[in-house]
Amino acid sequence: MTLDALQTRVAAVDARVRGAEVRAGRSPGSVQLVAVSKLHPAEIVEAGWQSGLRHFGENYAQELRDKHQALGALAGLTWHAIGPVQVKNAKYVARAASYFHALVSVEVARELSRTRGLAGLPPLRCLIEVNVAGEASKAGVGPAEVPALLDAARALPSLEVVGLSTMPPLVDEPEHNRGCFRELAALGRRFGLPHLSMGTTSDFEVAIEEGATFVRVGTALFGERAPG
Ligand SMILES: *Cc1c(COP(=O)(O)O)cnc(C)c1O
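Our subject in this report is the structure included herewith. Because the structure is a prediction, the values reported are computed rather than measured.

Some points on the overall build of the chain
Then, number 1: A tally of helices and strands in the chain yields nine helices and eight strands.
Then, number 2: In summary, the chain has a C-alpha radius of gyration of 17 Å against a globular reference of 17 Å for 228 residues, a match within 12%.
Then, number 3: Taken over the C-alpha atoms alone, the chain extends approximately 45 × 40 × 35 Å along its principal axes.
Then, number 4: Across the 228 residues of the chain, 51% fall into the buried class.
Then, number 5: Long-range contacts, defined as pairs at least 24 residues apart, comprise 60% of the intrachain contacts of the chain with a sequence gap of at least 6.
Then, number 6: For the chain, the computed accessible surface area is about 10,300 Å², with 53% contributed by carbon and sulfur atoms.
Then, number 7: Averaging the positions of the 24 positive and the 24 negative side-chain charges in the chain gives two centres separated by 5 Å.

Things to note about the pairing of strand β5 (residues 124–129)
Then, number 1: Where burial is concerned, most of β5 is hidden: five out of the six residues are buried.
Then, number 2: For strand β4 (residues 99–103) and β5, the ladder comprises three bridges, and the chain directions are parallel. Residue pairing across strands places Leu103 opposite Ile128, the latter belonging to β5.
Then, number 3: A crossover connection joins β4 to the parallel β5 through helix α5 (residues 106–118); in handedness this β-α-β unit is right-handed.
Then, number 4: Relative to strand β6 (residues 159–165), β5 is paired through six bridges, and the arrangement is parallel. Looking at the pairing, Glu129 lines up with Ser165 of β6.
Then, number 5: Crossover β5 to β6 through helix α6 (residues 146–154) is right-handed.

Focus on unusual backbone geometry
Then, number 1: In this structure, Leu39 is a non-glycine residue whose phi angle is positive, near 70 degrees.
Then, number 2: If you trace the backbone, Leu39 turns up in the loop between β1 (32–36) and α2 (42–50).

Remarks on the packing of helix α1 (residues 3–23) against α2
Packed helices, taken two at a time, are described by their axes: the angle between them and the distance between them.
Then, number 1: Two elements in contact, α1 and α2, have axes separated by 9 Å at closest approach and are oriented at 60 degrees. Between α1 and α2, the angle is such that the two are oblique. Once α1 is placed against α2, the crossing between them reads as right-handed. Two secondary-structure elements touch here, α1 through Leu3, Leu6 and Gln7 and α2 through Ile44, Ala47, Gly48 and Gln50.
Then, number 2: The class makeup of the residues in the contact of α1 with α2 is four nonpolar, three polar and no charged.

Let's talk about the site of the ligand
Then, number 1: Around the ligand lies a shell formed by Val36, Lys38, Asn59, Ile82, Met167, Thr200, Thr201, Arg216, Val217, Gly218, Thr219 and Arg225.
Then, number 2: For the ligand, an oxygen atom lies 2.5 Å from a polar atom in the side chain of Thr201.
Then, number 3: Between the ligand and Gly218 there is a distance of 2.8 Å, counted from an oxygen atom to a backbone nitrogen or oxygen.
Then, number 4: Protein contact buries 87% of the 390 Å² of open area that the ligand shows by itself.
Then, number 5: Of the residues in the shell around the ligand, the class split is four nonpolar, five polar and three charged.

How each quantity is defined
Residues numbered from 1 in each chain as written. Predicted model: local features only at pLDDT ≥ 70, side-chain atom pairs only at ≥ 80, totals over all residues. Heavy atoms only, no water. Helix = DSSP H or I, 4+ residues; strand = E, 2+ residues; numbered from the N terminus. Rg over C-alpha atoms; globule rule 2.2 N^0.38 Å. Buried < 20%, exposed > 50% of the residue type's maximum accessible area, 1.4 Å probe, protein only. Contact = heavy atoms within 4.5 Å. Areas by Shrake-Rupley, 256 points an atom, 1.4 Å probe, with all protein chains shown as cover. Lys, Arg positive; Asp, Glu negative; His and termini not counted. Charge placed at Lys NZ, Arg CZ, Asp CG, Glu CD. Pairing = 2+ DSSP bridges. Right-handed = clockwise from strand over helix to strand, strands pointing away. Axes fitted to C-alpha atoms, helices over the stretch in contact; angles between N-to-C directions. Parallel < 35°, antiparallel > 145°, perpendicular 65-115°, else oblique. Left-handed = near helix turned anticlockwise from the far one by under 90°. Nonpolar A, V, L, I, M, F, W, Y, C, P; charged D, E, K, R; others polar. Near = heavy atom within 4 Å. Polar contact = N/O pair within 3.5 Å; in protein donor to acceptor, adjacent residues only side chain to side chain.

What follows is the structure in structure tokens.
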């Protein structure tokens, strides 16, 4: 993709985010676009940065580590780790990311906090991933498991739990995920957590209408990915 084409896509997605904010009566700028750059080369991230994007999402810990190393000089670049991570790879997330959107286990929480502390960085902002739809194939803890994980994570010195995230089923019709987003928002209110990470290319406007503060958009910005 040329830089021109990317800038056009960034402007289009940005306009849709701002439009959804207005429709939902949300304050302007209350939604942060996270550009999901997984499986795209570091050059694409750099082109995205030149197009005005600052927040980028990566799924795989080693890929995040490598891009963080390659692109460390870009001012204001903020990394979001949005995929599940194994205990042995948690250190890469702890060193590179400002946000982790996929907290599902106490073991990973402990390792993230430990390695974050060793790196001398401020607490890693985490969102607990909830499997709202109860799909067997999807990651995330059940709503009933949130309080225990929240308590455990809050006891750790180098983590700060700031919200909840979810990855609903892939659907043809974005409206079908509205209930899922609404449920996550209700859980967020119940636990007093300000951030909600929900919505992807196929449904981010509905997610914004239901209270998303982070939307994770890949394909609409960077095009189709090679299979991972
Ligand atoms: C890949 C991915 C996205 C982005 O999906 P698109 O459909 O490309 O917008 C968002 N969230 C998570 C967790 C992902 O893995």
